[in-house]
Protein chains: 2
Amino acid sequence: MKDVAVAAGVALKTVSRVVNDERGVSPETTERVLSAIQRLGYRRNESARVLRAGRTASIGLVIEDVADPFYSGISRAVEDVALGHGSLVLSGSSGEQPLRERELVLTFCSRRVDGLIIVPAGSDHDYLRPELDAGIPAVFADRPGGLDADTVTCDNAGGAHTGVTHLIRHGHRRVAFLGDSASIFTAAERLHGYRRALRDAGLPADETLISMGPPERAGAALARMLSGQAPPTAVFTGNGRITVAVLRTGHRLAMVGFDDFELADLLVPGVTVVAQDPVELGRTAAELLFRRVLGETGPAARVELPTRLIARGSGELRPPDLP
Amino acid sequence: MKDVAVAAGVALKTVSRVVNDERGVSPETTERVLSAIQRLGYRRNESARVLRAGRTASIGLVIEDVADPFYSGISRAVEDVALGHGSLVLSGSSGEQPLRERELVLTFCSRRVDGLIIVPAGSDHDYLRPELDAGIPAVFADRPGGLDADTVTCDNAGGAHTGVTHLIRHGHRRVAFLGDSASIFTAAERLHGYRRALRDAGLPADETLISMGPPERAGAALARMLSGQAPPTAVFTGNGRITVAVLRTGHRLAMVGFDDFELADLLVPGVTVVAQDPVELGRTAAELLFRRVLGETGPAARVELPTRLIARGSGELRPPDLP
DNA sequence: CTGAAAGCGCTAACAC
DNA sequence: GTGTTAGCGCTTTCAG
């Protein structure tokens, strides 16, 4: 910048003015500065600018894994909203490890991001308190965090309730539930929805038909149930990865899965799902965040997004004894 | 930092020393500083540090769309390598628009990223020249850029050749090629591979069996071919999205697709594909980049990753006249 | 309309 | 061991 000033025969501040489109510079001076900038290949150092301005025009996004289509949908939506606000996105995958989440968040904070969108891996967010107090707004997405901040979730319990009720309406009385580890908020919520659906239908809850754990183990869990005393005639799967794991076992049960996925309609039978909308989730979280970044105060918002049942065949299969 | 120094009764530099784990500070002073840091909730401002140090410990990644599994695989791999080098990733989706690619890259540069990984949307990268000269290394991934920089691609032509030859070996003499827009490097390369495979097999190239264009139009293009004079008995699809589009048409042709995808094995018949490895692509690009960031000079590297044919059924169907 | 000086938060270089 | 000084590249006063 100094070089440009010298080359154009003006003061530093004048170059700054031109670069920032500030008014009050004569057209000819502007011209001279612009040509010097061109000639020297000058580009403003954003880091220095940030140091003065305080705002970095960047936000931090912590998700579980970019390579998972659910989270990459969120990512893309966040990115688009951020770009609309002239902001960049620093993102990182926590891999469901609270420690890594924490490290990523703190790293982002030390780079003075203007705000954070976090899909919480852990439930303890005390480490965030000082940052929030320091004025860095945060929004929790997909799951609530352990802090009173803006939160966007899906109607997990309601969605599971709808899906399980759908199976029950098609004549099933023994519906298995295969969910992710119970420590994950969404998994626990969906299990609640399952239990409530059984209760609402006046069906007993058989604990041998419930299995919570990582997707890799879902196939084996189902096999155990099927070889048990009173096997299920239908299964509700608690997320997309479990749905796929169960499909790979090649069973022929009625089935409804939480999360839509590409090609669900091309399988035979088509897979009936309870769909969430990751893009909407990301968009909403980002908009909430930028509202805060722009200075909005007020109590923490809690947004719950609806789910949608998409019937494609697998959820409409009747139990063997009811043709 | 100044506050911490005052609170601990030491000079600024001493705080800096403690924060940076520099040697030469007595244990008790360290203790005093640490407790002051704790008390005041101090966290170093990375922007200021960057301004001094010159390195930002961040890299920029421009891909086409994070929401596409191929690119999100790349993303994740880049992120992991970057984290291993203590670096963060700024990422953005170009949406295949050269202008947006350019804007993202220049924005990243003005934030002084240490390096760039670019999946080129356009082919003209003159705008990058000054940045490269200014010492910001760049690596092109998936497609070569219009500049002499490190590049990682897949063996597009070879992969297509293998896939098409596979169909020919199963008795097909009329193999259609449905590729993405010819302006996209990978699409053009794969078309070359297709043509070469026909030539190598002594088969004539029938231009009515070739269609290049956006995935949305692939279904219609195939329908046109099938209702033509001499319809194809097999089809080679030029990328994952086209493969899916073609599957949705519900045809019953023999088929091999470029790009593997989840559930390809669960469809009936299973979909035979030529698989690339996005994770390996991202990893290689990132490693190449960090080698440059760490000071390696020397001529631009060109890495070509192999592809792999995975037979699952659809590519082994024989033509109707050869049972 | 333009410029000079101060300082954002930090670290490198050199005292003490 | 510790402190002082200068300056990274920019913007924000406040004077011309």
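Residue positions are given per chain, counted from 1 along the sequence in the order it is written. For this description, chains carry letters from A and ligands carry numbers from 1, given in the order in which they are written. It should be noted that, the model being predicted, local features are given only for residues of pLDDT at least 70 and side-chain atom pairs only at 80 or more, the latter also being counted only at that level, while totals for whole chains, interfaces and linings use all residues. In computing side-chain values, all of the structure's heavy atoms are included and hydrogens and water are not.

Peer 1: Quick question: what am I supposed to make of the UniProt feature "domain: HTH lacI-type" (unreviewed entry) in chain A here?
Peer 2: UniProt positions are given in the numbering used here, feature names are shortened, and annotations may be inferred rather than shown by experiment. Under the present numbering, the feature "domain: HTH lacI-type" (unreviewed entry) in UniProt falls on residues 1–53 of chain A. Here residues 1–53 of chain A runs as 70% helix and 0% strand, with 17 Å between its end C-alpha atoms. Every helix listed is a DSSP run of H or I at least four residues long, and every strand listed is a run of E at least two residues long, numbered separately from the N terminus.

Peer 1: Explain the protein's contact with DNA strand C to me, please; I cannot follow it from the model alone.
Peer 2: Whether a residue is near a molecule or strand is decided by its heavy atoms; if any one of them lies within 4 Å of it, the residue is near. Around DNA strand C, 23 residues are found, and the nearest of them are A:Thr14, A:Arg17, A:Thr29, A:Arg52 and B:Met1. Considering DNA strand C, the proportion of its atoms within 4 Å of the protein that are sugar or phosphate atoms stands at 60%. N or O atoms closer than or at 3.5 Å make up a polar contact, with two conditions inside protein: a donor-capable atom paired with an acceptor-capable one, and, for residues adjacent in sequence, both atoms drawn from side chains. Between A:Ser26 and DNA strand C, the recorded distance is 2.7 Å, taken from a backbone N or O atom to a phosphate oxygen. Contact between DNA strand C and B:Asn45: a phosphate oxygen at 2.8 Å from a main-chain N or O atom of the residue. Counting residues per element, the surface near DNA strand C draws most heavily on helix H4 (residues 46–53) of chain B, at four residues. Class assignment of the residues belonging to the surface near DNA strand C gives a composition of eight nonpolar, seven polar and eight charged. Residues are grouped as follows: Ala, Val, Leu, Ile, Met, Phe, Trp, Tyr, Cys and Pro are nonpolar; Asp, Glu, Lys and Arg are charged; every other residue, Gly included, is polar.

Peer 1: Hey, could you run me through the domain arrangement of chain A in this one?
Peer 2: Frequently, the measure chosen for interface size is the accessible area that the parts lose on association. Domain boundaries assigned for chain A yield domain 1 (2–44), domain 2 (56–154 + 278–305) and domain 3 (156–276 + 309–316). A domain assignment, automatic or from a database, supplies the domain bounds used here. Distance between the C-alpha centres of domain 1 of chain A and domain 3 of chain A: 64 Å.

Peer 1: For this particular structure, what's the right way to read the environment of A:Arg248?
Peer 2: Checked against the element boundaries, A:Arg248 lands in helix H11 (residues 240–248). Judged by its relative accessible area of 39%, A:Arg248 is partly exposed. For the pair A:Arg248 and A:Gly219, spaced 29 residues apart in the sequence, the C-alpha separation amounts to 7.8 Å. Two residues form a contact once any of their heavy atoms are found within 4.5 Å. Ignoring anything within four residues of it in the chain, the contact list for A:Arg248 reads B:Glu262, B:Leu263, B:Asp265 and B:Leu266. Only protein chains enter the accessibility calculation, which uses a 1.4 Å probe; a residue whose area is less than 20% of its type maximum is buried, one above 50% is exposed, and one in between is partly exposed.

Peer 1: Quick question: what am I supposed to make of unusual backbone geometry here?
Peer 2: Peptide bonds are mostly trans, and most non-glycine residues show a negative phi. Residue and element names in this part refer to chain A. Following Val-268, the chain continues to Pro-269 via a peptide bond in cis, the omega torsion being -5°. On the secondary structure map, Pro-269 appears in the loop between strand E9 (254–258) and strand E10 (272–275). Although it is not a glycine, Asp-21 sits at a positive phi angle of roughly 55°. Summarising the element assignment, Asp-21 is placed in the loop between helix H2 (12–19) and helix H3 (27–40). On the basis of relative accessible area, Asp-21 is assigned to the exposed category, the value being 73%. Residues other than glycine seldom take positive phi values, yet Leu-263 does so here, at roughly 75°. The class of Leu-263 is buried, set by a relative accessible area of 2%.

Peer 1: When you look at the packing of H2(A) against H3(A) in this model, what are you seeing that I'm missing?
Peer 2: Two quantities define a packed helix pair, namely the angle between the axes and the distance from one axis to the other. Residues and elements named next belong to chain A. Lines are fitted to the C-alpha atoms to define the axes, a helix being fitted only along its stretch in contact, and any angle between axes, read from their N-to-C directions, falls within 0 to 180 degrees. Remark: H2 packs on H3, axes separated minimally by 10 Å, with the N-to-C direction vectors making an angle of 90°. Taken together, the axes of H2 and H3 are roughly perpendicular relative to one another. Facing H2, whose interface residues are Thr-14, Val-15, Val-18 and Val-19, H3 presents Thr-29, Thr-30, Val-33, Leu-34 and Ile-37. The residue makeup of the contact of H2 with H3, split by class, is six nonpolar, three polar and no charged. Each angle gets one of four labels, with under 35 degrees taken as roughly parallel, over 145 as roughly antiparallel, 65 to 115 as roughly perpendicular, and the rest as oblique.

Peer 1: Looking at this model, I keep getting lost on the protein's contact with DNA strand D. Mind explaining?
Peer 2: Neighbouring residues of DNA strand D: 22 residues in total, closest A:Met1, A:Lys13, B:Arg17, B:Thr29 and B:Arg52. The sugar-phosphate backbone supplies 61% of the atoms of DNA strand D found within 4 Å of the protein. With respect to DNA strand D, the side chain of A:Tyr42 contributes an N or O atom lying 2.7 Å from a phosphate oxygen. Contact between DNA strand D and A:Arg44: a phosphate oxygen at 3.2 Å from a side-chain N or O atom of the residue. Residue assignment for the surface near DNA strand D shows that the elements contributing at least two residues are H2 and helix H4 (46–53) of chain A together with helix H2 (12–19) and H4 of chain B. Top element by residues in the surface near DNA strand D is H4(A). It accounts for four residues.

Peer 1: Sorry if this is basic, but what is going on with the interface of chain A and chain B here?
Peer 2: Counting from both sides, the interface comprises 45 residues of chain A and, opposite them, 45 residues of chain B. Buried area is understood as the total, over both parts, of accessible area removed when two parts are fitted together, assessed with a 1.4 Å probe. Counting each side, the surface lost to burial between chain A and chain B is near 4,200 Å², with a carbon and sulfur contribution of 56%. Looking at the side of chain A facing chain B, the largest losses of area belong to A:Arg43, A:Leu88 and A:Arg111, adding up to 16% of the total buried there. A carboxyl oxygen of Asp or Glu within 4 Å of a side-chain nitrogen of Lys or Arg is what we treat as a salt bridge. Our count for the contact surface shared by chain A and chain B stands at 10 salt bridges. Close ionic contact of B:Arg76 with A:Asp65 constitutes a salt bridge, the shortest N to O distance being 2.7 Å. Our count for the chain A to chain B interface comes out at 19 residue pairs in polar contact (both at pLDDT 80 or more). Those elements that provide at least two residues to the side of chain A that touches chain B are H4, helix H5 (69–84), strand E2 (88–93), helix H6 (98–110) and H11 of chain A. Of the residues in the side of chain A that touches chain B, the class split is 19 nonpolar, 11 polar and 15 charged.

Peer 1: In this structure, what is going on with the relation of the copies chain A and chain B? I would like to understand it.
Peer 2: Superposing the two chain copies requires a rotation about an axis and a translation along that axis. Least-squares fitting of one copy onto the other uses the C-alpha atoms of those residues that reach a pLDDT of at least 70 in both copies. Least-squares fitting of chain A to chain B yields an RMSD of 0.1 Å, with the transformation described by 0.0 Å of translation along the axis and a rotation of 180°. Such a combination of rotation and displacement between the chain copies is what one expects of a two-fold axis. It is A:Leu90 whose C-alpha, among those of chain A, lies nearest the rotation axis, at 2.4 Å.

Peer 1: Sorry if this is basic, but what is going on with H5(A) here?
Peer 2: Note that an α-helix has 3.6 residues per turn; residues three or four places apart therefore point the same way. Residues and elements named next belong to chain A. The terminal C-alpha atoms of H5, which comprises 16 residues, lie 23 Å apart, in line with the 22 Å expected from a rise of 1.5 Å per residue. The buried count for H5 comes to 12 of 16 residues, which makes it a mostly enclosed element. Within the span of H5, buried status applies to Phe-70, Tyr-71, Ser-72, Gly-73, Ile-74, Ser-75, Arg-76, Ala-77, Val-78, Glu-79, Val-81 and Ala-82. The N-cap residue of H5 is Asp-68: its side-chain oxygen and the backbone nitrogen of Phe-70 are 2.8 Å apart. Gly-86 occupies a position one or two residues after H5 and carries a positive phi of about 70°. Every helix has an expected span of 1.5 Å times one less than the residues it contains.

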